[in-house]
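Report on the structure
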Amino acid sequence: MMRLLLRRLRRLSAASERSFSGLPAAQVRRTFLDFFRDQHQHLLVPSAPVRPRGDPSLLFVNAGMNQFKPVLLGTVDPRSQMALWRRVANSQRCVRAGGKHNDLEDVGRDGTHHTFFEMLGSWSFGDYFKEEACRMAWSLLTEHYGIPADRLYVSYFGGDASSGLSADQETRDIWLHLGVPASRVLPFGLKDNFWEMGDTGPCGPCTEIHYDHVGGRNAAALVNAGGAEVVEIWNLVFIQYNREADHSLRLLPQFSVDTGMGLERLVGVLQGKRSNYDTDLFTPLLDAIHQRSRVGPYGGRMGAAPDAQVDRAYRVVADHIRTLAVCIADGVHPGMSGAELVLRRILRRAVRFCAEVLQAPPGSLASLVPTVAQTLGDTYPELFREADRIADIINENEGHFLSSLQRGSRLIQRTCLRTGSGPFPAAVAWSLYRDLGFPLDLVDLMLEERGIQVDRQELDRLVSHEQKMRAEQQADSRPRLLLDVLSLAALQRAGVPHTDDGPKYRYHLENGRYVFPACQATVLALYDGRSLVPEVGPGRRCGVILDRTCFYSEQGGQSHDRGYLMRDGLQEVLFSVEAVNRAGGYVVHQVTVPDHLRTGDQVELHLDQAHRLSCMVKHTATHILNFALRSVLGRSVQQRGSRISADRLRFDFSVKGPLSSVQLQQVDRCIRDVISANQDVHTLEVPLRLAGAIQGLRTVDEVYPDPVRVVSLGVPVSELLDGGTDRETSVELCCGTHLLQTGSIQDLVIVSEKQQVKGISRIVAVTGQDAVQARDMGRALTQEVDSLSARLSGSSPFSLGSALQFSKEAGALSDAVDNMPVPQWQRRELQVRLRATLRSISTAIRKLEARQAAERAALLLRRRGQTELLVDAVETDSPSVLMKTVNQLSAAAPLSHVMLLAHQRHSGKVFCACQVPKDSPALAASDWAVAVCRRLGGNAGGSALVAKGTGSSSDITEALRFAKDFALKKAGR
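Here the structure is a predicted model, which is why all the values come from computation and not from measurement. (Residues numbered from 1 in each chain as written. Predicted model: local features only at pLDDT ≥ 70, side-chain atom pairs only at ≥ 80, totals over all residues. Heavy atoms only, no water.)

**Thoughts on the UniProt feature "binding site: Zn(2+)" (unreviewed entry) in the chain**
Per the UniProt entry, the sites bearing "binding site: Zn(2+)" (unreviewed entry) are His619, His623, Cys734 and His738 in this numbering. Over a stretch of 120 residues, the named residues converge on one spot in the fold, their C-alpha atoms separated by at most 9.8 Å. Of note, His619 is situated in helix H18 (residues 609–633). The class for His619 is buried, based on a relative accessible area of 4%. Those residues within four positions of His619 in sequence are excluded, and the remaining contacts are Gly556, Gln558, Ile644, Cys734, Gly736, Thr737 and His738. At 2.6 Å, the side chain of His619 forms a polar contact with the side chain of Gln558. (UniProt positions renumbered as here; feature names shortened; annotations may be inferred. Helix = DSSP H or I, 4+ residues; strand = E, 2+ residues; numbered from the N terminus. Buried < 20%, exposed > 50% of the residue type's maximum accessible area, 1.4 Å probe, protein only. Contact = heavy atoms within 4.5 Å. Polar contact = N/O pair within 3.5 Å; in protein donor to acceptor, adjacent residues only side chain to side chain.)

Here you go:
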């Protein structure tokens, strides 16, 4: 009986293992999430977009923990749902390209590197710690995924004497207790088994689980050796320290666990594939690429194997199209800076491999988007919704690059022919990058295929210089004081209550003017940038934490308030508030103190009222603009960012292309209607769950507090909650400060609207008197354009002088229209009119110049006849007429060497133009013009056939003689 039971148990165990071998990727992901939710009570949190939320230190979300940094740093808003999270799991879409973690150049060279990947993660925030984390991980891998335990090895932190850190013996003992043999529990140092968020901040030891693809051996020596046979599959980080600015470590008040396991690598293990590209995450893409290419099917070859370059191209394109689709769906589009520039590099890299290696026709890359949606869309449904827009953006960028690629390839080829086997000039590589948008790694790749290397030292110098220039431009000479995780914990231990910033909303209208009452407060804490201190002396910068404040801290795109504090008993001394930020429920006022300031001091807060009111005007105007755009362009318009300051507002939104003049006028009318109606601005704090049910609610990708503030124009929020109105209005979740009535805006004018990248437009607008002045300027410029048009229509036929004067006037008007703040719809209309005017004037000028040149050429031919050498002076104040006269003389006498000078007697300036026959090797036009113009104290340039230049002289007789002698001498006469 016992034998029968054992046989059944073995069969069940084998069946369980077989059921997880070859597990589809979607089921691998689902199993992970179900395990943590159903068996260990983790909350499943959606993946954050790949564009980081309010984190300028990152180009892309590159790890699962990025969206949880506020929890780990202690800065999370205590009113938000995130502040309540204790156990969390998710599958986070990540991009590692650019910045500290950059896998771009390795993609395609092996089977494991990717720019886009999914990170399966689990977290504990002050809940369980090492033992539970290790137990869960081991159970999932061996029992639920069925990975044989004898294929697994674990590493742990072995200590570091120089840092004063002992070995993580606790973790080692946990693994031994779970049954892992001691020979498979391996110690490693800081590099492999100590995780740090950055130069400062939370950190701690980690333990990693490694998988041996071969099995049946002792592979301990191959762990962390960098080979493909033994690979890390799961990293468990135990966050227990804080790295200080002086590099010392301090224990955190709350320990956390952050685990991450790459889905692509895990699927490879479970499907028995050493290359991730052989799994069902990639094979549909590789098949689709083959259908569009003119090369053989994907063969998985790498390194120096025959046709390895073709297979490398397959891998690059399969990886990059996933990255492009996910990023564009999340609102990151190919562009010219930051994450957008990195995505542009990825797109151009993929296009180049498609076109040159895979020989796929244009449009092939975009045609892969539906395949990406089929493989990832169940988890990220936005890929289905946005598929057409993603393809449009890829196609447009591909078209631009293919033309650049042809020019760049020709330039590289010509340069290689000139330099031979020597180093490729760094200046040319830099020009390809700067002027044609070639990624430098693509230049390296194209040179590598020719067996040539760029002058790396000089190129590095150019790159370093560019980075230095950018850093200097972006440098902030007054860095902000931000509370660190230990100081936040110290505030909480000391029982310092969160700042009551309700007074920032307590203002009212009185006789048509906004009144902002002063606010009485007590200093609860002072922060000197390193720790909490009881007192700060004169001249020192510090962060001041009060029990209450009327100052708005920078958030939601709105600038912080400005103003000052006055200390009781020292009313004649003002403590100017330089910046205001918020962390973990505390509002920090950055102050350089002119006198002593101590905890317990009583202070009175005064806003810079003009600055606050200007920000309120711009913020309410932004809501109206958002509503107007949606009303005119449709509900597909999504806000992609905003910036609200006292002088102007900036608003980014998704739209297929630039707005037409008609659309801009429609938006303008909608805005003016809302402002002139002087609608009441309603605000109400409501539970986040109820707010989400409001019809027509606009939100952005942010973590909102609960309860959340709802801002509505014209309709009370309570009415919207009850569903008692069908009226279309602006209603948003917003923590900003707003006007009480829209009429206070006076006017709003869009002064700029242009596409930042394909699919994302940016509007810049002004309000109040700035808007009134913009409309006045628009009317004035319209009148000037009308006047010019009227004078042009009454002045036909032109003389050359009048035509040139009209051209100058139209050019100046065009510059004014381009650069002055005027309504953008009006700018567009005036630009169209002026372009047509300038084309008409230019055509007239060309005809008049040709006529004058013909007359002068005919006169010279009658006087001098057709001679081999014609050097003379003509009367004209137009260099263009001079050049055209030379051209006509050369056309009439093809064997003649022609040089003409035109002396401007009023200024002494001399224009020079020359042309020589095509078969004139002895005398190059450029040499001739340079010699004569240098004689006249000027310079010249051109080609071997045609050249021109300038100089100056009171008398050109000697210059004419020199020109003739120079030509005769060169001709050997």
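Once you've had a look at it, read on.
**Looking at the sheet that holds strand S26 (residues 748–757)**
One open sheet holds the 4 strands; their spatial order is S21-S22-S27-S26, and the pairing between them is antiparallel. In the strand order of this sheet, the two ends are held by strand S21 (639–644) and S26, each with one partner. Strand after strand, the sheet turns through a mean of 15° between neighbouring axes, direction not considered. Across 8 bridges, the pairing between S26 and strand S27 (residues 760–767) is antiparallel. Its bridge partner being in S27, Ile750 is matched across the sheet by Ala765. Running at roughly 25° to strand S22 (residues 649–654), H18 makes contact with S21, S22, S26 and S27 of the sheet. (Pairing = 2+ DSSP bridges. Axes fitted to C-alpha atoms, helices over the stretch in contact; angles between N-to-C directions.)

**Observations concerning the packing of aromatic side chains**
Overall, the coordinates contain 19 aromatic pairs when judged by the stated rule. Geometrically, the ring pair formed by Phe36 and Trp234 is edge-to-face, given 6.4 Å between the ring centres and 80° between the ring planes. One end of the pair, Phe36, is in helix H2 (residues 25–40); the other, Trp234, is in strand S8 (residues 230–243), and 198 residues separate them in sequence. Residue classification places Phe36 among the buried positions, given a relative accessible area of 1%. By relative accessible area, Trp234 is classed as buried at 1%. An angle of 50° between the planes, with centres 5.7 Å apart, marks the rings of Phe68 and Phe125 as tilted. Of this pair, Phe68 sits in the loop between strand S1 (43–44) and helix H3 (69–73) while Phe125 sits in strand S3 (residues 116–125), and the two are 57 residues apart along the sequence. On the basis of relative accessibility, which here comes to 1%, the residue Phe125 falls in the buried class. One aromatic cluster in this structure is built from Phe32, Phe35, Phe36 and Trp234. (Phe/Tyr/Trp six-rings, centres within 6.5 Å; stacked < 30°, edge-to-face > 60°.)

**Some details on the domain arrangement of the chain**
Domain annotation for the chain reports domain 1 (19–278), domain 2 (282–473), domain 3 (485–607), domain 4 (679–737) and domain 5 (865–971). Centre-to-centre, using C-alpha coordinates, domain 4 lies 75 Å away from domain 5. (Domains from an automatic or database assignment.)

**Details of the packing of helix H26 (residues 925–935) against helix H27 (residues 957–971)**
Where H26 meets H27, the axes come as close as 10 Å, and the angle between the chain directions of the two elements is 150°. Comparing their axes, H27 and H26 come out roughly antiparallel. Both H26 and H27 take part in a crossing whose hand is right-handed. Of the residues in H27, those in contact with Asp927, Trp928, Ala931, Val932 and Arg935 of H26 are Glu958, Phe962, Ala963, Phe966 and Ala967. (Parallel < 35°, antiparallel > 145°, perpendicular 65-115°, else oblique. Left-handed = near helix turned anticlockwise from the far one by under 90°.)

**Some points on the packing of H2 against helix H7 (residues 263–270)**
Close contact between H2 and H7 brings their axes to 10 Å; oriented N to C, the two are set at 110°. On the basis of their axis angle, the class for H2 and H7 is roughly perpendicular. As H2 packs across H7, the resulting crossing turns out to be right-handed. Taking contact as the criterion, the partners of Ala25, Val28 and Arg29 in H2 are, on H7, Leu263, Leu266, Val267 and Leu270.

**Some details on helix H9 (residues 308–329)**
An ideal rise of 1.5 Å per residue puts 32 Å on 22 residues; H9 measures up with 32 Å between its terminal C-alpha atoms. The buried fraction of H9 is high, at 21 of 22 residues. Of the residues one or two after H9, Gly331 is the one with positive phi, at around 95°. (Expected span 1.5 Å × (residues − 1).)

**Here's the deal with the environment of Val717**
Of note, Val717 is situated in helix H21 (residues 717–722). Taking the C-alpha atoms as reference points, Val717 and Asp110, separated by 607 residues in sequence, lie 57 Å from one another. Those residues within four positions of Val717 in sequence are excluded, and the remaining contacts are His682, Thr683, Leu684, Val686, Val710 and Ser712.

**Looking at the pairing of strand S7 (residues 201–212)**
Within S7, 12 of the 12 residues are buried, which leaves the element mostly enclosed by the surrounding structure. In the sheet, strand S4 (residues 152–157) pairs with S7 via 4 bridges, with the strands oriented antiparallel. Across the sheet, residue Leu152 finds its bridge partner in S7, namely Tyr211. Pairing analysis gives 3 bridges linking strand S6 (residues 194–196) to S7, with the strands arranged antiparallel.

**What to know about the pattern of salt bridges**
Scanning all chains against the criterion turns up 50 salt bridges. For Asp127, the salt bridge identified is with Arg87, shortest N-O distance 2.8 Å. Of this pair, Asp127 sits in the loop between S3 and helix H4 (130–144) while Arg87 sits in strand S2 (residues 87–95), and the two are 40 residues apart along the sequence. On the basis of relative accessible area, Arg87 is assigned to the partly exposed category, the value being 22%. Note that Arg643 and Glu554 form a salt bridge whose closest N and O atoms lie 2.9 Å from each other. Separated by 89 residues along the polypeptide, Arg643 in strand S21 and Glu554 in the loop between strand S15 (541–546) and strand S16 (563–567) bring together distant segments of the chain. For Arg643, a relative accessible area of 30% gives the class partly exposed. (Salt bridge = Lys/Arg side-chain N within 4 Å of Asp/Glu carboxyl O.)

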